[in-house]
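These are the residues of each chain, in order.
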Amino acid sequence: LYSPFRYARYFYGSGYYNSGILKELLQKEYGSDLMYFTPKSRTPAIFIPITDSTVSPWKPFLSRSYQNVNEYVDGTCSFNIVDSIIASCSAPTYFPEYIIGDKTYVDGGCILNNPTEIAIFEAHNMFKDQHIEFILSIGTGSTTPHKHISSSYNTIYDLISIATESELTHKRVYEWCKENEVVYHRFNVPNLGDVGLDETRDYVLENGEIMTQGYMSSVNLEVSSLRKFLI
């Protein structure tokens, strides 16, 4: 995400990778299926967080599998699955902005890197008289803190890190759940966030797997509690 060459290509209107290849793969799996499911379906309500980059400043946008009349965050249930996934995967410098209709979208993680709070708002809007009993949050790994060295490059790095920070959201949700007697579990492997989104080196990926296994062993009691609650 912080490669100067990747930035240069992005600001010239191109992504580092071709999202068309990803689109072809997804279309083989999902075709033109829409996100929206009929009310009779027993499929759980799902939303995919996206960032609307048409406006300035950017704002969160949700591609939903359900209708939410009193929506807290702008969104729609009319997108198809493929467009929703690609829009949410269009991380700046990796893929170009994704166009749907007359709007452009980028990775939802640019604003909603931890969408747990939004999920709470959505649930309250849909089920106003029901108590939320349980929340499970799974992170993609925290990053290792580093000493800031003053430079334009490092300033950009830090600004992006602030925008994609997820642990502050976790702390707010934790306190809210404690006050409202909601069972809350979050799993987030320390330092796994240092691995690049496009990392392919075997030894790095294998080390990430070892880190994850070690972390899950360290939270075994919490996993056991989660298992009992779900089963």
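Residues numbered from 1 in each chain as written. Predicted model: local features only at pLDDT ≥ 70, side-chain atom pairs only at ≥ 80, totals over all residues. Heavy atoms only, no water.

1. Brief notes about the sheet that holds strand β2 (residues 59–64)
- Read across the sheet, 5 strands follow the order β3-β2-β1-β5-β4 without closing on themselves; strand pairing throughout is mixed. The sheet is open, and its two edges are formed by β3 (75–76) and β4 (98–100), each paired on a single side.
- In the sheet, β4 pairs with strand β5 (residues 103–107) via 3 bridges, with the strands oriented antiparallel. Looking across to β5, one finds that tyrosine 98 is bridged to tyrosine 105. (Pairing = 2+ DSSP bridges. Helix = DSSP H or I, 4+ residues; strand = E, 2+ residues; numbered from the N terminus.)

2. Considering the side chain of threonine 51
- Relative to the helices and strands, threonine 51 is located in strand β1 (residues 47–52).
- There is a polar contact of 2.8 Å between the side chain of threonine 51 and the backbone oxygen of aspartate 107.
- With residues near it in sequence (within four places) discarded, threonine 51 still touches Trp58, Lys59, Thr104, Tyr105, Val106, Asp107, Gly108, Cys110 and Ile111. (Polar contact = N/O pair within 3.5 Å; in protein donor to acceptor, adjacent residues only side chain to side chain. Contact = heavy atoms within 4.5 Å.)

3. Re a nonpolar patch on the surface
- A surface patch of nonpolar side chains, amounting to about 420 Å² of accessible area, comprises Val183, Phe229, Leu230 and Ile231.
- You can see phenylalanine 229 is positioned in helix α8 (residues 220–230).
- Given the relative accessible area of 38%, phenylalanine 229 is considered partly exposed. (Patch = residues over 30% accessible without salt bridge, like charges linked within 9 Å, V, L, I, M, F, W, Y side chains within 5 Å. Areas by Shrake-Rupley, 256 points an atom, 1.4 Å probe, with all protein chains shown as cover. Salt bridge = Lys/Arg side-chain N within 4 Å of Asp/Glu carboxyl O. Buried < 20%, exposed > 50% of the residue type's maximum accessible area, 1.4 Å probe, protein only.)

4. Some points on the pattern of salt bridges
- Within this structure, the stated rule accounts for 8 salt bridges.
- Between arginine 64 and glutamate 122 there is a salt bridge, with its nearest N and O atoms 2.7 Å apart. In this pair, arginine 64 sits in strand β2 while glutamate 122 sits in helix α4 (residues 116–126), placing the two residues 58 residues apart along the sequence.
- Residue arginine 64 is classed as buried on the basis of its relative accessible area of 1%.
- By relative accessible area, which is 2% here, glutamate 122 ends up buried.
- Glutamate 175 is the partner of lysine 178 in a salt bridge, and the nearest nitrogen-oxygen pair spans 3.5 Å. One end of the pair is lysine 178 and the other is glutamate 175, both in helix α6 (residues 167–179) and 3 residues apart, which spans about a single turn.
- You can call glutamate 175 partly exposed: its relative accessible area is 37%.
- One connected set of salt bridges, linked through shared partners, spans Arg64, Glu71 and Glu122.

5. Things to note about the packing of aromatic side chains
- One pass over the full model with this rule turns up 6 aromatic pairs.
- Arranged with centres 4.3 Å apart and planes meeting at 40°, the rings of tyrosine 72 and phenylalanine 121 form a pair that is tilted. With tyrosine 72 in the loop between β2 and β3 and phenylalanine 121 in helix α4, this pair connects stretches of sequence that are 49 residues apart.
- The exposure class of tyrosine 72 is exposed, given its relative accessible area of 54%.
- Overall, phenylalanine 121 belongs to the partly exposed group, its relative accessible area being 32%. (Phe/Tyr/Trp six-rings, centres within 6.5 Å; stacked < 30°, edge-to-face > 60°.)

6. Digging into α4
- Along α4, the residues that are buried comprise Thr116, Ile118, Ile120, Glu122 and Asn125.
- At its buried positions, α4 is contacted by β1, β2, β6 (134–138) and α6.

7. Observations regarding the nonpolar core
- Ranked by size, the top nonpolar core spans 13 residues in total, and within it Ile50, Phe79, Ile86, Ala87, Tyr98, Ile100 and Tyr105 carry the most contacts.
- With residues up to four places along the chain from it excluded, the contact list for alanine 87 reads Ile50, Tyr98, Ile100, Tyr105, Val106 and Asp107. (Core = buried A, V, L, I, M, F, W, Y, C linked by side-chain atoms within 4.5 Å.)

8. A short note on unusual backbone geometry
- Cis rather than trans, the peptide bond between serine 56 and proline 57 has omega equal to 0°.
- Inspection of the secondary structure assignment puts proline 57 in the loop between β1 and β2.
- We note that threonine 93 has phi near 80°; this positive angle belongs to a residue other than glycine.
- The exposure class assigned to threonine 93 is buried, which follows from its relative accessible area of 2%.

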